[in-house]
Amino acid sequence: MTKHRFSATEREGVYRAIAERRDMRHFLPDPVAPEIMSRLLEAAHMAPSVGYMQPWRFIRISDAKLRVAMVALVEEERRETAAALDERGEEFMRLKVEGIRECPELWVVVLTDRRERYVFGRRTMPSMDMASASCAIQNLWLAARAEGIGMGWVSLFDPAKLKAMLKAPADSDPIAILCLGHVEEFYRQPMLEQKGWDKRKELTTVIWENYWSANEIS
Ligand SMILES: Cc1cc2nc3c(=O)[nH]c(=O)nc-3n(C[C@H](O)[C@H](O)[C@H](O)COP(=O)(O)O)c2cc1C
C-alpha cells in the first residue's frame, strides 16, 4: 500500500481503459469534437521518450485527395502482404485491416528528421525513437478509449511512398496511420481473435525468471 496510489475508482478507470481499448476499423461518420482531439494529442505528447527526444510529429489529413491516395497505398500493401502470407493470404484478404475511407479523423505519426543528434539511450538501440513514439500512440489510444473514441493503427504501407506524399524530409519516417472516430460499439475482443486469426497468449507463457526459458508455445 502506498499513499501515492490513486483512488479505487480512478484505478478502475485506468485498468478499464487498458482492458477495453481495441484496435478499431469501423467508424461512424460523426465528427470528433476539436476539444476532444486536443486532449488526445496532449495525452500523446505527455508520453515518455528516450533522452526526452519527443520524436513524434502528428500530421492531420484533411485533404480528401490525400486520403484517397493513402487508401490506394494501403490497398497496395494489403495485396503484397496477402501474397507474402502464402496459404493464409486469402484469409487475410477477408479481414478488415483499416478504416481509412470512413474515419472522420485521419492522422499520420512521423518520426522526425535529424534523429541522429539524439544519442542518449539510442547509441546501441536507435529504434528507441520508434519505441518512444509508440508510447505516445498508446497514450492517445487509451485516452481515446476513455473518451469513447475508437482508434485503429494502420501500418500496412510503404513508408517511403507515404513520406513522399506528405512532403516529409528524407530522414523522417512515418510509422502509423491513425484512424479515429466515434464507433457503434467497441469490439469485445481483439478483432483478429474474433475472426480466428490468432489468440492472446497465456500470461504465464510470456513471463520468465532470470534466464530465457524454452517453455514458450508459439
Ligand atoms: C504497431 C502496430 C501496428 C498495427 N498495424 C495494424 C494494421 O496495419 N492493420 C490492422 O488491422 N491492425 C493493426 N494493428 C492492430 C493489431 O492488429 C491489434 O492491436 C491486435 O490484433 C490486438 O487487438 P487489440 O488492439 O484490439 O487489442 C497494429 C497494432 C500495432 C501495435
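Fair warning: this is a prediction, and the values are worked out from it, not measured in the lab. (Residues numbered from 1 in each chain as written. Predicted model: local features only at pLDDT ≥ 70, side-chain atom pairs only at ≥ 80, totals over all residues. Heavy atoms only, no water.)

Student: Describe helix α2 (residues 34-45), listing the residues and the values that go with them.
Tutor: Taking 1.5 Å of rise per residue, 12 residues should cover 16 Å, and α2 covers 16 Å from first to last C-alpha, within 8% of that figure. All of the buried residues along α2 are Ile36, Met37, Leu40, Ala43 and Ala44. Relative to the axis of α2, the buried residues are bounded by an arc of 120° and lie together on one face. Along its buried surface, α2 packs onto β1 (56-60), β2 (105-111), α5 (128-146) and β4 (173-181). (Helix = DSSP H or I, 4+ residues; strand = E, 2+ residues; numbered from the N terminus. Expected span 1.5 Å × (residues − 1). Buried < 20%, exposed > 50% of the residue type's maximum accessible area, 1.4 Å probe, protein only. Arc of directions from axis to C-beta. Contact = heavy atoms within 4.5 Å.)

Student: With reference to specific residues and values, describe the layout of surface pockets.
Tutor: For the largest pocket, the calculated volume is near 240 Å³. Surrounding the largest pocket, Arg21, Arg22, Asp23, Arg25, Pro190, Met191, Leu192, Glu193, Trp197, Asp198, Lys199 and Arg200 form its lining. Looking at the lining of the largest pocket residue by residue, the classes come out as four nonpolar, no polar and eight charged. (1 Å grid on protein atoms, 1.4 Å probe; cavity = no way out; pocket = protein on both sides within 12 Å on 5 of 7 lines; lining within 4 Å. Points joined across faces, edges and corners; volume = space filled by probe spheres on them. Nonpolar A, V, L, I, M, F, W, Y, C, P; charged D, E, K, R; others polar.)

Student: Describe the side chain of arginine 21, listing the residues and the values that go with them.
Tutor: Here arginine 21 is to be found in the loop between α1 (8-20) and α2. Despite its burial, arginine 21 pairs with no opposite charge; the closest candidate is aspartate 23, at 5.7 Å N-O. Not counting residues within four places of it along the chain, the set of residues in contact with arginine 21 comprises Arg16, Gln138, Trp141, Leu142 and Arg145. (Lys, Arg positive; Asp, Glu negative; His and termini not counted. Salt bridge = Lys/Arg side-chain N within 4 Å of Asp/Glu carboxyl O.)

Student: Talk me through the packing of α2 against α5; I want residue IDs and the actual numbers.
Tutor: Where α2 meets α5, the closest approach of the two axes is 7 Å, and the angle between their N-to-C directions is 145°. Crossing of α2 over α5 shows right-handed handedness. Here Leu40, Leu41, Ala43 and Ala44 of α2 come into contact with α5, specifically with Ala136, Asn139, Leu140, Ala143 and Ala144. Considered class by class, the residues forming the contact of α2 with α5 number eight nonpolar, one polar and no charged. (Axes fitted to C-alpha atoms, helices over the stretch in contact; angles between N-to-C directions. Left-handed = near helix turned anticlockwise from the far one by under 90°.)

Student: Residue-level account of the pattern of salt bridges, with values.
Tutor: Per the counting criterion, the structure on display carries 16 salt bridges. One salt bridge connects arginine 88 with glutamate 91, and the closest N-O pair in it is separated by 2.9 Å. In this structure glutamate 91 comes out as partly exposed when scored by relative accessible area, which is 22%. Across the salt bridge formed by arginine 115 and aspartate 129, the nearest N and O atoms sit 2.6 Å from each other. With arginine 115 in the loop between β2 and α5 and aspartate 129 in helix α5, this pair connects stretches of sequence that are 14 residues apart.

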